[in-house]
2 protein chains.
Amino acid sequence: MGEFELIARHFTRPGRSARPALALGVGDDCALLQPAPGQQLAISTDMLVEGRHFLSTVAPERLGHKALAVNLSDLAACGAEPLGCTLALALPRADETFVAGFARGLFALADAHGIELVGGDTTAGPLNLCITVFGQVPAGQALLRSGARAGDELWVSGGTLGDARLALEVFRGTHALPGEAFEAVRRAMELPQPRVTLGLALRGVATSAIDISDGLLGDLGHVLQRSGVGATVEVDALPRSAVLAAQPQALQHECLLAGGDDYELLFTAPASAHAAVLQAGRQAGVTVTCCGRIEATPGLRVINAAGQPVPTPWRSFDHFQ
Amino acid sequence: MGEFELIARHFTRPGRSARPALALGVGDDCALLQPAPGQQLAISTDMLVEGRHFLSTVAPERLGHKALAVNLSDLAACGAEPLGCTLALALPRADETFVAGFARGLFALADAHGIELVGGDTTAGPLNLCITVFGQVPAGQALLRSGARAGDELWVSGGTLGDARLALEVFRGTHALPGEAFEAVRRAMELPQPRVTLGLALRGVATSAIDISDGLLGDLGHVLQRSGVGATVEVDALPRSAVLAAQPQALQHECLLAGGDDYELLFTAPASAHAAVLQAGRQAGVTVTCCGRIEATPGLRVINAAGQPVPTPWRSFDHFQ
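Residues numbered from 1 in each chain as written. Chains lettered and ligands numbered in written order. Predicted model: local features only at pLDDT ≥ 70, side-chain atom pairs only at ≥ 80, totals over all residues. Heavy atoms only, no water.

Our next topic: the overall build of chain A. Assigned secondary structure in chain A consists of 10 helices and 12 strands. In terms of overall dimensions, chain A is globule-like: its C-alpha atoms have a radius of gyration of 20 Å, near the 20 Å expected for 321 residues. Based on the C-alpha atoms only, the size of chain A along its principal axes is roughly 60 × 50 × 35 Å. For chain A, the proportion of its 321 residues judged to be buried stands at 60%. A distance of 3 Å separates the average location of the 23 positive side-chain charges in chain A from that of its 32 negative side-chain charges. (Helix = DSSP H or I, 4+ residues; strand = E, 2+ residues; numbered from the N terminus. Rg over C-alpha atoms; globule rule 2.2 N^0.38 Å. Buried < 20%, exposed > 50% of the residue type's maximum accessible area, 1.4 Å probe, protein only. Lys, Arg positive; Asp, Glu negative; His and termini not counted. Charge placed at Lys NZ, Arg CZ, Asp CG, Glu CD.)

In this structure, Asp 261 of chain B takes a positive phi of about 65° despite not being glycine. The residue Asp 261 of chain B is located in the loop between α9 (249–258) and β10 (265–269) in this model.

Our next topic: the relation of the copies chain B and chain A. Overlay of chain B on chain A (RMSD 0.0 Å): rotation 180°, translation along the axis 0.0 Å. Viewed as a symmetry operation, the transformation between the two copies matches a two-fold axis. Comparing contact sets, 100% of the residues at the interface of chain B also lie at the interface in chain A, consistent with an isologous, same-surface contact. (Least-squares fit on C-alpha atoms with pLDDT ≥ 70 in both. Contact = heavy atoms within 4.5 Å.)

Working definition: an aromatic ring pair is given by the centre-to-centre distance plus the angle between the planes. Residues and elements named next belong to chain A. Enumeration according to the criterion identifies seven aromatic pairs over all chains in this entry. Relative to Phe 182, the ring of Phe 171 lies with its centre 5.2 Å away and its plane at 70°, an arrangement referred to as edge-to-face. Residue Phe 171 is located in helix α4 (residues 163–172), and its partner Phe 182 is located in helix α5 (residues 179–190); the two are separated by 11 residues in the primary sequence. Overall, the relative accessible area of 28% leaves Phe 171 in the partly exposed class. (Phe/Tyr/Trp six-rings, centres within 6.5 Å; stacked < 30°, edge-to-face > 60°.)

Here we come to the interface of chain B and chain A. With 72 residues of chain B in contact, the opposing surface of chain A contributes 72 residues. Across the chain B/chain A interface, buried area totals approximately 5,300 Å², and carbon plus sulfur atoms make up 61% of it. Joining chain B to chain A, the criterion identifies zero salt bridges. Of the residues forming the side of chain B that touches chain A, the biggest block, 10 residues, is contributed by strand β3 (residues 39–49) of chain B. Broken down by class, the residue content of the side of chain B that touches chain A amounts to 38 nonpolar, 21 polar and 13 charged. Relative to β3 of chain B, strand β2 (residues 31–33) of chain A is paired through three bridges, and the arrangement is antiparallel. When the bridges of β3 of chain B are listed, Leu 33 of chain A appears paired with Leu 41 of chain B. (Buried area = accessible area lost by both parts, 1.4 Å probe. Salt bridge = Lys/Arg side-chain N within 4 Å of Asp/Glu carboxyl O. Nonpolar A, V, L, I, M, F, W, Y, C, P; charged D, E, K, R; others polar. Pairing = 2+ DSSP bridges.)

Let us now look at the sheet that holds strand β8 (residues 208–211) of chain A. All names here are of chain A. Read from one edge of the open sheet, six strands run β8-β10-β7-β11-β9-β12, paired in mixed fashion. This sheet does not close on itself; its edge strands, each paired only once, are β8 and β12 (299–303). Between one strand axis and the next, the sheet turns through 25° on average, direction left out of account. Examined bridge by bridge, strand β9 (residues 230–234) and strand β11 (residues 288–295) share four bridges and lie antiparallel to one another. Its bridge partner lying in β11, Thr 232 is registered against Arg 293. (Axes fitted to C-alpha atoms, helices over the stretch in contact; angles between N-to-C directions.)

UniProt feature "binding site: ATP" (unreviewed entry): in the numbering of this structure it lies at Gly 120, Asp 121, Arg 145 and Ser 213 of chain A. Judged by maximum C-alpha separation, these annotated positions cover 94 residues in sequence and are scattered in space, the widest gap reaching 31.3 Å. Looking at the secondary structure, you find Gly 120 of chain A in strand β5 (residues 116–124). For Gly 120 of chain A, the contacting residues outside a window of four places in its chain are Leu 87 of chain A together with Thr 45 of chain B. On the basis of relative accessibility, which here comes to 14%, the residue Arg 145 of chain A falls in the buried class. (UniProt positions renumbered as here; feature names shortened; annotations may be inferred.)

Residue and element names in this part refer to chain A. According to the domain assignment, chain A contains domain 1 (3–11 + 38–138) and domain 2 (153–303). Here the C-alpha centroids of domain 1 and domain 2 sit 24 Å apart. Between domain 1 and domain 2, the contact holds 22 residues from the first and 20 residues from the second. When domain 1 packs against domain 2, close to 1,800 Å² is buried across both sides, 60% of that on carbon and sulfur atoms. Run the count over domain 1 and domain 2 and you get two salt bridges. (Domains from an automatic or database assignment.)

Let's shift gears to the UniProt feature "binding site: Mg(2+) 4" (unreviewed entry) in chain A. Per the UniProt record, "binding site: Mg(2+) 4" (unreviewed entry) is found at Asp 29, Ser 44 and Asp 74 of chain A. Separation in sequence by 46 residues is matched in space for these annotated residues, since their most distant C-alpha atoms are 26.0 Å apart. As for its placement among the helices and strands, Asp 29 of chain A is situated in the loop between β1 (22–24) and β2. Apart from the residues lying within four places of it in its own chain, the contact partners of Asp 29 of chain A are Ile 43, Ser 44, Asp 74, Ala 77, Cys 78, Arg 145, Ala 209, Ile 210 and Asp 211 of chain B. Here Asp 74 of chain A lies in helix α2 (residues 60–78). Taking the relative accessible area as the measure of exposure, Asp 74 of chain A reaches 8% and is therefore buried.

The following block contains the structure:
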């Protein structure tokens with residue numbers, strides 16, 4: 001099967017009732033999108049490479065999910081409502097089983113968020129997935145990295161921070177887990193849930209937000225730098241699964257603070273908005289946990305529940321380190 | 001140098017006066033873009049892989065140009081005004097010479113079209129470049145593939161159709177050219193000029209348009225299929241360089257009709273708009289040549305100046321054939 005046929009068979013879904021914003025989808029030189037009046041378009045792009053962002057062992061359907069999820073997570077971190085995405089795909093060969101599974105996983109998540117694949121490109125080459133997502137947000141209401149203020153509380157979403165990193169350590173062979181525990185953390189790694197609804201609920205509540213892709217400390221560092229502030233994180237307050245909580249403390253700390261691949265939202269809000277944040281979490285059906293405080297003193301401090309400093313010997317994940 | 005530093009050094013240009021449409025550029029989870037009221041957003045994405053879309057011999061600066069050019073060409077084919085782009089880049093290693101040259105070439109073309117790089121992603125991996133471009137076009141005025149009508153004239157832009165393919169044949173070793181001639185066709189292959197201004201001038205004049213990326217016949221086939229019409233192309237009317245015109249006829253025909261990588265516009269317009277098309281070409285400073293006619297009879301016929309059928313034994317370029 002050739003390139004055009006492969007695309008046509010798995011990536012065009014004729015006759016689907018498109019969103020009002022989508023004027024023209026796959027099949028022309030460009031897709032045409034019409035954001036609602038007064039809305040800004042939020043755009044993000046992520047490239048996934050085998051061995052870096054996913055392992056060859058991942059099921060194609062889960063890979064389709066994850067490729068879109070990590071992009072939707074960027075829209076969530078801006079408080080943007082998803083509209084559509086494009087997909088560019090390099091494949092070593094025209095592997096229909098892979099493409100069919102990948103498309104199934106991608107479209108299942110796209111449908112869950114009411115968005116369409118509006119365009120794309122397919123080519124032969126080492127496996128590479130590049131998705132660009134588009135969302136809309138009322139002008140001036142986007143959650144930015146630059147809005148954290150001294151005195152703000154620091155929050156994190158979800159209940160399984162660090163599980164993706166724990167799964168990676170098992171795949172790497174540096175750690176072992178019983179089968180069921182491994183399946184649970186593997187799910188966290190392969191099927192992250194983008195916090196889109198929470199991002200929308202946090203508009204007007206949170207002062208800044210970022211999604212945790214490179215590790216909590218590294219991503220928080222971007223917020224602190226952009227906002228010109230410092231922070232203290234309480235590691236014992238960070239939410240973790242029963243599986244992670246059963247691991248040695250040093251491993252827990254590494255997974256929680258330097259893990260990456262979590263795709264939870266890390267955000268700040270004034271202490272006066274504490275109840276509003278909890279309400280936003282309930283509204284979105286997502287646990288939100290206060291795990292620290294933004295301070296005027298520059299730098300990033302990590303303490304335990306007793307207030308003692310916790311060592312942080314890891315660097316943020318850097319693809320070229 | 002790490003990933004973040006590499007990006008910061010070469011891909012952020014702080015303090016640049018952004019377009020009015022650009023609310024927030026590189027450095028947050030999303031870029032924010034505000035199309036003018038009443039405009040649709042045109043979006044296209046292209047992925048370039050070494051050995052498929054470019055050779056390892058290409059200078060990084062030319063590669064930066066070409067990666068953006070092929071995307072701008074899609075906006076041109078829709079008659080859209082470019083606003084911005086994102087870049088996702090997989091690099092085998094953090095090679096600063098490559099990145100610096102690539103960024104130079106990309107920004108030179110971006111500046112020529114008044115657009116900004118609004119976001120991106122960099123990762124380690126086999127060399128892969130994925131650019132997504134955004135443009136705007138008044139609602140309902142985009143040039144589509146579906147608008148060709150029987151009786152329309154068929155036009156092509158530019159004067160060096162087929163040169164990119166001729167250069168590829170030299171690189172492949174199937175053909176030889178003297179040094180100067182080779183440099184000229186190599187330029188056509190490595191530095192294509194997206195016909196953005198022509199695309200804008202053709203709004204309201206052309207009935208359909210596509211850019212020639214996979215070869216004239218293959219790309220025309222997409223227009224005919226979408227429009228439900230047929231066409232006759234006169235091969236002797238197709239514009240070609242002096243270098244190509246000096247090659248054997250069979251090679252000329254293959255380069256002109258099945259070459260690909262031309263990034264010229266192939267478009268249709270009513271015969272009554274003949275003068276308006278020539279005027280659009282003058283306005284854009286681009287040669288436009290009438291090279292055939294759209295017909296009600298399905299199928300694609302190629303004839304020479306004497307009206308005799310010309311054999312077309314090639315398939316459209318398919319990345320998986």
